[in-house]
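# Breakdown of the fold
Here is how the chains run, residue by residue.
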Amino acid sequence: MKLLKLILFFAFTLHGLNAQNHSHSGAQPLTYPDIEGFKTLKTDLHMHSVFSDGNVWPTIRVQEALRENLDAISLTEHLEYQPHKADIPHPDRNRAHNLALEEAKGHDLLIIPGSEITRSEPIGHSNAVFISDANTLLHDKAEDAFAAAKKQQAFVFWNHPAWYRQSPTGNPVLSDFQKERIKNGELHGIEVINSLDYAEESLALALEQNLTIMGTSDVHGLIDWDYTENGKHRPITLVFAKEKSVESIREALFAGRTVAVYNSLLVGKPEYLKPLLQASVKINSAAYHDDTQVLAVEIENISSSDLLLENASPYTFYSNAPIFTLKAGEKMTLQLKTLEKLDSTTLKLRAMGAYTAPKEHPVLEWAIRVE
Ligand code: ZN
């Protein structure tokens, strides 16, 4: 009897511990430093609600974005694909946006009006954002929808160009339709990251066609289930804007000032990706170990991305691997063998998780003043 009690006691205790272990951590607010001259805004400009093929009410999208500390979102419902229409009839295609706008009142979150123009390949899917009226984008011919978006001065980007349901090789194919849209000034950006998918080939296209580099979640279910529960953040586009406003984000997107981010993966043109990474790593201190020529340099990652870094300086490390991860929000000490005592030097690291072009990683430099 005593033994049974003991067993029951342990069984309950263990159960209690287990229950604790099962509790997953909640959404971590995202943070990235500003770069010189610009505010770094965290945006997700591709998502769905029940007003097209998503599974949540638009207000949930606002609440999710607030939990992740985003600066701007857009509800980009499929104009032409409305599987819940019988249950949720909404002749006004601006309805999801307006509900989100109402929910965001009193919060520091910008809601950008958008719609997804949806066709099968080779036209594919594209988002028009900063539109003035979604209803007038509804046209039989895709050409007319793009022309209407241009009339509204919308910023238009090509969605998941590498999606294997539309391009079975998993590589983007630039069709005559897209070439024509680019020529007409009706297509301005391209997703290089869509949900879990990053395509180097899409990055190559972005650089070749001078399209703005985008990263989006394209979420249909819950951010929590798709990302947070797995210890991840959703993909976002960092926009380098002159100020935090809808108009300023629009200007920055047309100017191509973005970096697409999915956790430790960062993709962008060198003129924006390099200063972002530079600002993300702070040098806290640098001092020689007593009577040695080994320089201890404390570095800190103030961004929300784990950074995979490789030593690219002329000095080798003492008791550090040449490739290492500097975790988001964490500090670590590198030990440089400078062979002689220096007053100042340069820390040079290659960001292995960051891409300025396919297979190209930026090399970053920080000036170090020895204490
Ligand atoms: Zn979509």
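Residues numbered from 1 in each chain as written. Predicted model: local features only at pLDDT ≥ 70, side-chain atom pairs only at ≥ 80, totals over all residues. Heavy atoms only, no water.

### Notes on helix α9 (residues 270-280)
Of all the positions in α9, only Y272, L273, L276, L277 and S280 are classed as buried. One side of α9 carries all its buried residues, which in axial view fall inside an arc of 120°. (Buried < 20%, exposed > 50% of the residue type's maximum accessible area, 1.4 Å probe, protein only. Helix = DSSP H or I, 4+ residues; strand = E, 2+ residues; numbered from the N terminus. Arc of directions from axis to C-beta.)

### With respect to the confidence of the model for the chain
Of the residues in the chain, 93% reach a pLDDT of 70 or more, and the chain-wide mean stands at 92. When the criterion is pLDDT under 50, residues 1-24 qualifies, and its contacts beyond four places in sequence or with other chains add up to two contacts. (pLDDT = per-residue confidence, 0-100. Contact = heavy atoms within 4.5 Å.)

### Some details on the domain arrangement of the chain
The domain architecture assigned to the chain consists of domain 1 (25-263) and domain 2 (276-369). Using C-alpha coordinates to define each centre, domain 1 is positioned 35 Å away from domain 2. Across the contact, 19 residues belong to domain 1 and 12 residues belong to domain 2. In total, about 1100 Å² of surface goes out of reach between domain 1 and domain 2, with carbon and sulfur atoms giving 66% of it. Its largest share of buried area at the contact with domain 2, domain 1 owes to Y32, P33 and E200, together 40% of the area lost on that side. (Domains from an automatic or database assignment. Buried area = accessible area lost by both parts, 1.4 Å probe.)

### Some points on the coordination of the zinc ion
The coordination sphere of the zinc ion, as far as protein atoms go, consists of H46 (NE2), H48 (NE2), E116 (OE) and D218 (OD), spread over 2.0 to 2.6 Å. Every donor counted, the four donor atoms about the zinc ion form angles of 76 to 161° at the centre, which fits irregular coordination. Using a relative accessible area of 0% as the deciding quantity, one classes H46 as buried. Given a relative accessible area of 0%, E116 falls into the buried group. (Donors = N, O, S within 2.8 Å, 3.2 Å for Na, K, Ca; no water. Tetrahedral: all angles 85-135°; square planar, octahedral: opposite > 155°, others 65-115°.)

### A few points about helix α4 (residues 142-151)
Within α4, the full set of buried residues consists of A142, A145, F146, A148 and A149. All buried residues of α4 project into a common sector of 160° when viewed along the axis, lining one side. For α4, the secondary structure elements touched by its buried residues are β5 (114-118), β6 (125-129), β7 (155-158) and α5 (176-183). Positioned one or two residues after α4, Q153 has a phi angle of 60°, which is positive.

### Observations regarding the nonpolar core
Membership of the largest hydrophobic core comes to 85 residues, with the highest contact counts inside it found for I73, V192, V259 and L266. For this core, the leading source of residues is α4, giving five residues. Both domains that furnish three or more residues to this core are identified here as domain 1 (25-263) and domain 2 (276-369). Core analysis: the second largest hydrophobic core is formed by 15 residues, L41, L110, V129 and L253 among them. (Core = buried A, V, L, I, M, F, W, Y, C linked by side-chain atoms within 4.5 Å.)

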